[in-house]
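The lines below spell out each chain.
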Amino acid sequence: MNQALKTMVPVLETKNITMRFGGVVAVNDLSIQVNQGEIVALIGPNGAGKTTAFNVITGVYTPTSGDVLLKGESITGLLPDKITQKGVARTFQNIRLFKNLTVYENILIAKHLRFKADFMSATLQLPHARRMEKQMHTDTELLINRLGLQSVKNEIASSLPYGQQRHLEIARALATEPELLLLDEPAAGMNPQETDELTAFIREIKNEYNLTVFMIEHHMDLVMEISDRIYVLDFGVLIAEGNPDQVQNNPKVIEAYLGVEEDA
Amino acid sequence: MKKQYDKKRVVLNLILIAASVALLIYANENMSFYSKRIINLCAVYAIMGLSMNLINGFTGMFSLGSAGFMAIGAYAVAIFTVPVDVRAEVFYLQPMWPLIANIHIGFLPAMILGGFLSAIAAFLIGFPVLRLRGDYLAIATLGFSEIIRIAFTNLQTVTNGPLGIKYIPSFDEIWWPVGVAIVTTVFMFLLIKSTYGRAFKAIREDEIAAEAMGINLFKHKMLSFVISGFMAGMGGALMAGILGTIDPKQFLFTLTYNFLLIIVLGGMGSISGTIISSVIVTAGLEWLRIADEPMIMFGYHIPMFRPGFRMVVFSILLMAIVLFFSKGLMGTKELSWELLGNWYKRQRARFIKKDPSLKGGGSK
Ligand SMILES: Nc1ncnc2c1ncn2[C@@H]1O[C@H](COP(=O)(O)OP(=O)(O)OP(=O)(O)O)[C@@H](O)[C@H]1O
Ligand SMILES: [Mg+2]
């Protein structure tokens, strides 16, 4: 019942967003709502417009029309860094780590947005800048230990095995201290065991850091197990929504998506 | 264990600093004018290399404007430090613009002014260009560099046009250039070590990810670009103080390629690499002057050696580096005692393998 109470507070809303690229309508009149404390999934066949929806939400693209609201406030047209500062963090479908930097540096960089001193104070290590710098290091150590990355802390990011790179990307997103976490196919390329571990990991961090999670995913086991609600997109249009049972049994969804990729 | 190691490093650093200072004092007292000029040029090239590496190596942008920023700094010194009473002689074709004809300042304020004017120029170019994605910056800065040169060629009453400005009070001591080079190097180390330096590297690694981590791309690129512009302005100012005479042709965009060579050879994203390679390149360019002289070997006149051949050799070297050492001397690493220690241990291990008797002690 606690859950039911929480579901009343929307963290993210999109109001009729449309994203056109020339003649292609990648996202068409999409309205969704993600409530505080929920794990919501966005699914749909390849090219359905899922990543584009994420890019509109995070400010990579300004929607052709429509509005994106974060906790009731419009964030449409803001730059990605501004939106991250407002508490939205994301991962990418094709992992985008700072490849030649260490695991530690990757996470430390994600703390830069909370650094409030100018570059001169930082360079000359003036007391207030020094204090903040120290805090960044403490927070980074803490997060690294908490997320079990201490053994690879000084490894170069691109040298990590694939699964761990995905793990690091989520850790880096968490380092920005988000309220809303967007995951774009976090289980892509993972085997069933890794996928199970990921499922547990997402649950864990969600509870520990009080997150709301909105994720794109193709692994149906994961989606059905973890999601409170699911939105289904096809050719940029929302064709269904509901809890896992409702979506699984929706004939439109079976036709558009599950029918094609039953094996997933 | 760690503490002890730190102590060792502090001692080594102190020895290094003391030795360098002693060496510089010795050089300044005893070396010929020509040798000191080469040291001074090394210092200026080091500053220019750092300036260019900040943008190209650390922030991952591609700028080719060094010569232009350098010209601004050089002319700030040239225009404002030439003694007022010789100005009529310098500007003999057309008198100097009355508004500035009587303004005279010392070298230090003129150098800082040069740095600021360059930084302002960087801001003005960066403002429209740095918002765009892609390599527009290379084109814009290359254009800027040429525009500055052409403008300085034609602003007769300010820059004395193509004739250039002579009688700039010059120094044959090494303290200004070497001093500024040291300050710039220390500043760069601290900047790159700071959270802003890490943000620059993040942009270099992946702009989109950096932005998603809350880093404002425009602001940080601009910061890097403006600091770099300031450094280049200082470098140009020092150049004017070293040479005593400057004209617009010295700042052809080909000058920028020297700095490009320095950062490619030293390592894009390595401060110590830049310093090492600025010395190699400057000294090498001087040494290569023999390629510009006629060469007679065994009574046979070798036809290739003639003015301009130096730059051919130079270009071939640049290509060879790009082809065979694409990461340069240092890559993105920095020289450190640990790195030297490891290198020494590896070399020693190799010798011991070849000749086991070298292994000291009673281990046999
Ligand atoms: N920047 C762009 N310019 C032009 N077209 C684009 C752009 N980004 C996406 N599209 C098009 O929009 C459509 C939706 O792409 P999107 O990447 O959002 O799909 P997706 O649902 O994430 O697919 P996948 O499951 O393959 O990741 C595709 O037809 C794609 O080609
Ligand atoms: Mg996608």
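K.L.:
Even after reading the chapter, I still don't get the overall build of chain B, so can you show me in this structure?
P.N.:
When helices and strands are tallied, chain B shows 16 helices and two strands. Here the C-alpha atoms of chain B give a radius of gyration of 23 Å, agreeing with the 21 Å that 2.2 N^0.38 yields for 364 residues. By its C-alpha atoms, chain B is 85 × 65 × 40 Å across when sized along the principal axes. A buried classification covers 49% of the 364 residues belonging to chain B.

K.L.:
Help me understand the domain arrangement of chain A in this model?
P.N.:
In many reports, interface size means the accessible area that the parts give up when they come together. All names here are of chain A. Domain assignment breaks chain A into domain 1 (3-87 + 178-258) and domain 2 (99-162). The distance between the C-alpha centroids of domain 1 and domain 2 comes to 29 Å. Each partner contributes residues to the interface: domain 1 has nine residues there, and domain 2 has six residues. Interface area for domain 1 against domain 2, summed over the two sides, is near 640 Å², with a carbon-plus-sulfur share of 50%. Linking domain 1 to domain 2 there are two salt bridges.

K.L.:
Could you clarify how one ought to interpret a nonpolar patch on the surface in this entry?
P.N.:
Residues and elements named next belong to chain B. Together, Val10, Leu14, Ile17, Val21, Ile25 and Trp175 make up an exposed nonpolar region whose accessible area comes to about 550 Å². Of the residues forming the nonpolar patch, the biggest block, five residues, is contributed by helix H1 (residues 2-30). Residue position: Trp175 is located in helix H9 (residues 175-193). Assessed through its relative accessible area of 38%, Trp175 is described here as partly exposed.

K.L.:
Just checking my understanding: could you explain the sheet that holds strand S6 (residues 88-90) of chain A for this structure?
P.N.:
Within a sheet, adjacent strands bond to each other through the backbone by hydrogen bonds, running parallel or antiparallel. Residue and element names in this part refer to chain A. As summarised here, the arrangement of the six strands in space is S6-S7-S8-S3-S9-S10, forming an open sheet in which the pairing is mixed. A single partner strand is all that each edge strand has here, and the edge strands are S6 and strand S10 (237-242). Averaged over all pairs of adjacent strands, the angle between their axes in this sheet comes to 20°, without regard to strand direction. In terms of strand pairing, strand S9 (residues 229-234) meets S10 through five bridges, oriented antiparallel. The residue bridging Tyr231 from the neighbouring strand is Glu241, located in S10. Against the sheet, helix H8 (residues 192-208) touches strand S3 (39-43), strand S7 (180-184) and strand S8 (212-216), its axis set at about 150° to S8.

K.L.:
I would appreciate a short explanation of the interface of chain A and chain B in the present structure.
P.N.:
Facing 33 residues of chain A, the contacting portion of chain B comprises 26 residues. In this assembly, chain A packs against chain B so that about 2,500 Å² is buried in total across both faces, 65% of it on carbon and sulfur atoms. Summed over the three residues of chain A that lose the most area to chain B, namely His112, Phe119 and Thr123 of chain A, the buried surface amounts to 25% of that side. Connecting chain A to chain B are two salt bridges. Here Glu133 of chain A ties to Arg198 of chain B by a salt bridge, and the two come within 3.2 Å at their closest N and O atoms. The interface formed by chain A and chain B holds 10 residue pairs in polar contact (both at pLDDT 80 or more) in total. Sorting the residues of the side of chain A that touches chain B by element identifies helix H3 (80-85), helix H4 (103-109), helix H5 (119-123), helix H6 (127-146) and helix H7 (162-175) of chain A as the ones contributing at least two each.

K.L.:
Help me understand the site of ligand 1, please; the structure alone is not making it clear to me.
P.N.:
Residue and element names in this part refer to chain A. Around ligand 1, the structure places 13 residues, and the nearest of them are Gly47, Lys50, Thr51, Thr52 and Gln93. Within the contact set of ligand 1, an oxygen atom lies 2.8 Å away from a backbone nitrogen or oxygen of Gly47. Within the side chain of Gln93, a nitrogen or oxygen atom sits 2.7 Å from an oxygen atom of ligand 1. For ligand 1, the protein covers 64% of the area, taking 640 Å² as the surface of the free molecule. Per element, the largest residue contribution to the shell around ligand 1 is three residues, and it comes from helix H2 (residues 50-57). Its residues assigned to classes, the shell around ligand 1 comprises four nonpolar, seven polar and two charged.

K.L.:
So what exactly am I meant to see when it comes to the pairing of S3 of chain A here?
P.N.:
For a regular strand, side chains alternate in direction, first toward one face of the sheet and then toward the other. Residues and elements named next belong to chain A. Within S3, five of the five residues are buried, leaving the element largely enclosed by the surrounding structure. Neither face of S3 is open: one carries Ile39, Ala41 and Ile43, the other Val40 and Leu42, and all of them are buried. Sheet topology places S3 next to S8; four bridges connect them, and they run parallel. The residue bridging Ala41 from the neighbouring strand is Met215, located in S8. Sheet topology note: the S3/S9 ladder contains four bridges and is parallel. Bridge pairing links Leu42 to Tyr231 in S9.

K.L.:
Is there a simple way to think about the coordination of the magnesium ion (ligand 2) in this case?
P.N.:
Four donors placed tetrahedrally about a metal ideally form angles of 109.5 degrees, and six donors placed octahedrally ideally form angles of 90 or 180 degrees. Residue and element names in this part refer to chain A. Protein-derived ligands of the magnesium ion (ligand 2) are Thr51 (OG1) and Gln93 (OE1), with the metal-ligand distances lying across 1.9 to 2.1 Å. With Thr51 in helix H2 and Gln93 in the loop between S6 and H4, this residue pair connects regions lying 42 residues apart in the sequence. Residue classification places Thr51 among the partly exposed positions, given a relative accessible area of 24%.

K.L.:
What is the right way to look at the layout of surface pockets in this model?
P.N.:
If a probe the size of a water molecule is rolled over the atoms, the empty space left behind becomes visible. By volume, the largest pocket amounts to about 1,600 Å³. Looking at the largest pocket, it is lined by 34 residues, and the ones nearest its centre are Leu16, Ser20, Ile182, Thr185 and Ile275 of chain B. When residues of the lining of the largest pocket are traced back to their parent elements, those giving at least two are H1, helix H2 (33-58), H9, helix H14 (271-287) and helix H16 (337-354) of chain B. Of all the elements, H1 of chain B adds the most residues to the lining of the largest pocket, at nine residues. Split into classes, the residues belonging to the lining of the largest pocket amount to 25 nonpolar, six polar and three charged. Here the lining of the largest pocket spans two domains, and each of domain 1 (1-30) and domain 2 (36-271) of chain B adds at least three residues to it. Approximately 960 Å³ is the volume found for the second largest pocket. Taken together, 29 residues line the second largest pocket, and the ones lying closest to its centre are Glu105 of chain A together with Ile192, Lys193, Arg198 and Lys201 of chain B. Every element with two or more residues in the lining of the second largest pocket is listed here: H4 and H6 of chain A together with H9 and helix H10 (195-205) of chain B. With five residues, the single largest contributor to the lining of the second largest pocket is H6 of chain A. Its residues assigned to classes, the lining of the second largest pocket comprises 11 nonpolar, eight polar and 10 charged.

K.L.:
It is not clear to me how the sheet that holds strand S5 (residues 73-74) of chain A should be interpreted in this structure. Could you clarify?
P.N.:
Residues and elements named next belong to chain A. If you walk across this open sheet you meet the four strands as S2-S1-S4-S5, and the pairing is antiparallel. Strand pairing shows two members of the sheet lacking a second neighbour, strand S2 (24-35) and S5, which therefore form its edges. Bridge analysis of strand S1 (residues 10-21) against S2 gives eight bridges, and the strand direction is antiparallel. The residue bridging Glu13 from the neighbouring strand is Gln33, located in S2. Taken strand by strand, H2 contacts S1, S2 and strand S4 (65-70), and its axis lies near 115° from that of S1.

Quick notes on the rules
Residues numbered from 1 in each chain as written. Chains lettered and ligands numbered in written order. Predicted model: local features only at pLDDT ≥ 70, side-chain atom pairs only at ≥ 80, totals over all residues. Heavy atoms only, no water. Helix = DSSP H or I, 4+ residues; strand = E, 2+ residues; numbered from the N terminus. Rg over C-alpha atoms; globule rule 2.2 N^0.38 Å. Buried < 20%, exposed > 50% of the residue type's maximum accessible area, 1.4 Å probe, protein only. Domains from an automatic or database assignment. Contact = heavy atoms within 4.5 Å. Buried area = accessible area lost by both parts, 1.4 Å probe. Salt bridge = Lys/Arg side-chain N within 4 Å of Asp/Glu carboxyl O. Patch = residues over 30% accessible without salt bridge, like charges linked within 9 Å, V, L, I, M, F, W, Y side chains within 5 Å. Areas by Shrake-Rupley, 256 points an atom, 1.4 Å probe, with all protein chains shown as cover. Pairing = 2+ DSSP bridges. Axes fitted to C-alpha atoms, helices over the stretch in contact; angles between N-to-C directions. Polar contact = N/O pair within 3.5 Å; in protein donor to acceptor, adjacent residues only side chain to side chain. Near = heavy atom within 4 Å. Nonpolar A, V, L, I, M, F, W, Y, C, P; charged D, E, K, R; others polar. Donors = N, O, S within 2.8 Å, 3.2 Å for Na, K, Ca; no water. 1 Å grid on protein atoms, 1.4 Å probe; cavity = no way out; pocket = protein on both sides within 12 Å on 5 of 7 lines; lining within 4 Å. Points joined across faces, edges and corners; volume = space filled by probe spheres on them.

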